[in-house]
Number of protein chains: 2
Amino acid sequence: MALADQPPPILRNRLLMTLPPEEFARLWPQLEPVELPLRKVFQEPGKPLTSVYFPETGWFSILAYMEDGDAAEVGLVGREGMLGLPVLLGGDTEDLEGMVQAPGTALRMDAGAFREELQFLPAFRTLLLRYALVHHGQVARTAACNGRHQLEQRLARWLLMAHDRADGGEFTMTHEFMSMMLGVRRAGVTVAAGQLSKAGFIRYKGGHIEVTDRPGLESVTCECYGVVRRACDALLGQAATARDVYRR
Amino acid sequence: MALADQPPPILRNRLLMTLPPEEFARLWPQLEPVELPLRKVFQEPGKPLTSVYFPETGWFSILAYMEDGDAAEVGLVGREGMLGLPVLLGGDTEDLEGMVQAPGTALRMDAGAFREELQFLPAFRTLLLRYALVHHGQVARTAACNGRHQLEQRLARWLLMAHDRADGGEFTMTHEFMSMMLGVRRAGVTVAAGQLSKAGFIRYKGGHIEVTDRPGLESVTCECYGVVRRACDALLGQAATARDVYRR
DNA sequence: CATTTTCAGTCCGAAATCGCACGGTGGCGG
DNA sequence: CCGCCACCGTGCGATTTCGGACTGAAAATG
């Protein structure tokens, strides 16, 4: 069922929220709410792109696959962004994968319609291109951060980024999965997470993580978190303060 | 002096070569040849972007700066690309740095004029957006490659990418600089380069490196080289074969 | 030609991480 | 209530890389 038939729900995707009303009105009927089930893959390497997604709650990991089957996380996409940038930039396939890391909902749009509509939505197009730039900056920072910074710093960064995109202070995540995202051993994450836990910054119980002290985490992470965060805030901050963005 | 006053030289930038004649004709008078002196910085973090550059010979390293002053290379831009993607995507400043890693020449264009002209050059715009996607893929691969793959593999990859963008089989490069690009110790590069040298893949003498066996290098590098190379070939291959692209 | 600087090769102990493996714990289904 | 299984904590030797330093050779400098 198209959203046009419904009273407007609370819109949470920050890109869409930033649009001028007339452009949003045009876009609105073409957006379809979809569920984002945990671990589902919405964008497979090599396959044609049929849709773009604007997360409302929950978020995606953007993964690059190695030939040994390992996946490396190169970026995150939550309600500050959009999944399917290649469609915007004129690619027909994707070689990265988008996997749901935290379940939730998104607004889906057909890739063809998206391409079509962009002609008539200059503000949308401009905004998305700037988002592509911000996302590019995120990936570039990840490249720089990987291999230079210590595991504990990178884990703290990852937790902060995840927390920014989570709805509450809490989310489902095992050491095993974090180790895959960070490209390290599971045991390594256990040790690093143990430090953070001992310091009182986080708490976990059976595949559930709760961030209890953001400033604490920020004090142990590397600068890479702040660099990416500020770039993102600068893009979206025109319409709302960071407080509105990341805390309900 | 503008290029319009001169007989057309041999154009070597692959993006520009791919343009349809009528669009190129419009662009041509606005391109100004500039030298790319070794190590010169053409795009400084935080500063407004005044120009975009299309390398003809030589190439840039794209660097992310850490707060300790270290620089991490996140991508390369040679004659297959363009320096100044943020201008295309609507950013006014850059937070990455473009440093000349191999000296040569480029065609410069004013950023404002570039933005203006894009409205009238649809093929150019489309091509550049696709290039932005390819470059994004390169950075994403670098993120995945850093920290997962061994130094020797990454060094081989770097040498191959540099060789692709170099004019001959030879280029100026010290262990010291490669270590900075790869984010490892200089001594580490010496050891890894020693392996490659012993295997007969490369040869060096006093800050000069010569690639003597490309297939050999390709046999020891990780898949990351091929993944990025193929994406780039796919973008530019419409107009020329890979042979024309990378070997004079 | 003598001096200085740059570059490459090597060695050391230390740190981080790896790969593997074992044991404990707690939730959940039978 | 019990057993299973996902998850977490931990230990150990091996490997890679680090940080620092020293040396000789080659190139640049004066």
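Residues numbered from 1 in each chain as written. Chains lettered and ligands numbered in written order. Predicted model: local features only at pLDDT ≥ 70, side-chain atom pairs only at ≥ 80, totals over all residues. Heavy atoms only, no water.

Draft legend 1. Structural view of the overall build of chain A. The number of helices and strands found in chain A is 11 helices and 8 strands. Taken along its principal axes, the extent of the C-alpha atoms in chain A is 50 × 40 × 30 Å. The proportion of buried residues among the 248 residues of chain A is 56%. The contacts in chain A between residues at least 6 apart in sequence include a share of 74% that link residues at least 24 apart. Accessible surface, chain A as shown: approximately 10,000 Å² in total, 53% of it carbon and sulfur. Considering chain A, the positive charge centre built from 27 side chains and the negative charge centre built from 30 side chains are found 6 Å apart. (Helix = DSSP H or I, 4+ residues; strand = E, 2+ residues; numbered from the N terminus. Buried < 20%, exposed > 50% of the residue type's maximum accessible area, 1.4 Å probe, protein only. Contact = heavy atoms within 4.5 Å. Areas by Shrake-Rupley, 256 points an atom, 1.4 Å probe, with all protein chains shown as cover. Lys, Arg positive; Asp, Glu negative; His and termini not counted. Charge placed at Lys NZ, Arg CZ, Asp CG, Glu CD.)

Draft legend 2. Layout of the interface of chain B and chain A. Contacts between the two partners involve 36 residues from chain B and, on the opposite side, 36 residues from chain A. Here chain B packs against chain A, burying approximately 3,000 Å² in sum over the two surfaces, 62% of which is carbon and sulfur. Three residues stand out in chain B for area buried against chain A, namely Leu89, His136 and Arg148 of chain B, and they jointly supply 22% of the buried area on that side. Taken together, the links from chain B to chain A amount to 14 residue pairs in polar contact (both at pLDDT 80 or more). Looking at the side of chain B that touches chain A, the elements that each hand over two or more residues are β3 (51-65), β4 (71-77), α3 (85-89), α5 (122-145) and α7 (175-182) of chain B. Among the elements that make up the side of chain B that touches chain A, the one with the highest residue count is α5 of chain B (13 residues). Grouping the amino acids of the side of chain B that touches chain A by side-chain chemistry returns 19 nonpolar, 9 polar and 8 charged. (Buried area = accessible area lost by both parts, 1.4 Å probe. Polar contact = N/O pair within 3.5 Å; in protein donor to acceptor, adjacent residues only side chain to side chain. Nonpolar A, V, L, I, M, F, W, Y, C, P; charged D, E, K, R; others polar.)

Draft legend 3. Here's a closer look at the packing of aromatic side chains. Under the defined criterion, the tally for this structure stands at 14 aromatic pairs over all chains. A ring pair is formed by Phe42 of chain A and Tyr53 of chain A, whose centres lie 4.8 Å apart and whose planes are at 80 degrees; its orientation type is edge-to-face. With Phe42 of chain A in strand β2 (residues 41-43) and Tyr53 of chain A in strand β3 (residues 51-65), the pair connects residues that are 11 residues apart, well separated along the chain. By relative accessible area, which is 16% here, Phe42 of chain A ends up buried. In this arrangement the basic side chain of Arg39 of chain B is found over the ring face of Phe177 of chain B, its NZ or CZ atom lying 3.3 Å from the centre. (Phe/Tyr/Trp six-rings, centres within 6.5 Å; stacked < 30°, edge-to-face > 60°. Lys NZ or Arg CZ within 6 Å of the ring centre and 35° of its normal.)

Draft legend 4. Representation of the protein's contact with DNA strand D in the model. Taken together, 13 residues lie near DNA strand D, and His175, Arg186 and Tyr204 of chain A together with Leu151 and Arg185 of chain B sit nearest. Near-protein atoms of DNA strand D (within 4 Å) split between backbone and bases, with sugar and phosphate holding 49%. Within the side chain of Arg186 of chain A, an N or O atom sits 2.9 Å from a base oxygen of DNA strand D. Between DNA strand D and Gly207 of chain A, the relevant distance is 3.1 Å, taken from a phosphate oxygen to a main-chain nitrogen or oxygen of the residue. It is helix α8 (residues 186-198) of chain A that provides the largest number of residues to the surface near DNA strand D, a total of 3 residues. (Near = heavy atom within 4 Å.)

Draft legend 5. Inspection of the nonpolar core at higher detail. If you look at the biggest cluster of nonpolar residues, it comprises 105 residues, and the most contacted ones within it are Phe114 of chain A together with Phe114 of chain B. Not counting chain neighbours up to four residues away, the residues in contact with Phe114 of chain B comprise Val52, Phe54, Met82, Val87, Leu88, Met109, Phe124 and Leu128 of chain B. (Core = buried A, V, L, I, M, F, W, Y, C linked by side-chain atoms within 4.5 Å.)

Draft legend 6. Region of interest: the relation of the copies chain B and chain A. Aligned on chain A, chain B shows an RMSD of 0.0 Å; the corresponding rotation is 180 degrees and the shift along the axis is 0.0 Å. Viewed as a symmetry operation, the transformation between the two copies matches a two-fold axis. For chain B, the minimum C-alpha distance to the rotation axis belongs to Ala143 of chain B and amounts to 1.7 Å. (Least-squares fit on C-alpha atoms with pLDDT ≥ 70 in both.)

Draft legend 7. Main features of the pattern of salt bridges. Residue and element names in this part refer to chain A. Per the stated rule, a full pass over the model turns up 22 salt bridges over all chains. With a closest N to O distance of 3.7 Å, Glu223 and Arg141 form a salt bridge. Placement of Glu223 in the loop between α9 (214-220) and α10 (224-236) and of Arg141 in helix α5 (residues 122-145) is noted, with a sequence separation of 82 residues between them. Take Glu223: its relative accessible area is 13%, and that puts it in the buried class. (Salt bridge = Lys/Arg side-chain N within 4 Å of Asp/Glu carboxyl O.)

Draft legend 8. Highlighting the packing of α5 of chain A against helix α6 (residues 151-165) of chain A. Residues and elements named next belong to chain A. The contact between α5 and α6 brings their axes to 12 Å, and the two run at 160 degrees. It follows that α5 is roughly antiparallel to α6 by the angle criterion. Handedness of the α5/α6 crossing: left-handed. Side by side, α5 and α6 meet where Gln138, Arg141, Thr142 and Cys145 of the first sit next to Arg154, Arg157, Met161 and Arg165 of the second. Residues belonging to the contact of α5 with α6 are distributed by class as follows: 2 nonpolar, 2 polar and 4 charged. (Axes fitted to C-alpha atoms, helices over the stretch in contact; angles between N-to-C directions. Parallel < 35°, antiparallel > 145°, perpendicular 65-115°, else oblique. Left-handed = near helix turned anticlockwise from the far one by under 90°.)

Draft legend 9. Quick peek at the side chain of Ser51 of chain B. Residue and element names in this part refer to chain B. Mapped onto the elements of the fold, Ser51 is located in strand β3. A distance of 3.4 Å separates the side chain of Ser51 from the side chain of Thr50, its partner in a polar contact. A distance of 2.5 Å separates the side chain of Ser51 from the side chain of Arg108, its partner in a polar contact. Setting aside anything within four residues of it in sequence, one finds Ser51 in contact with Arg108, Met109, Asp110 and Ala111.

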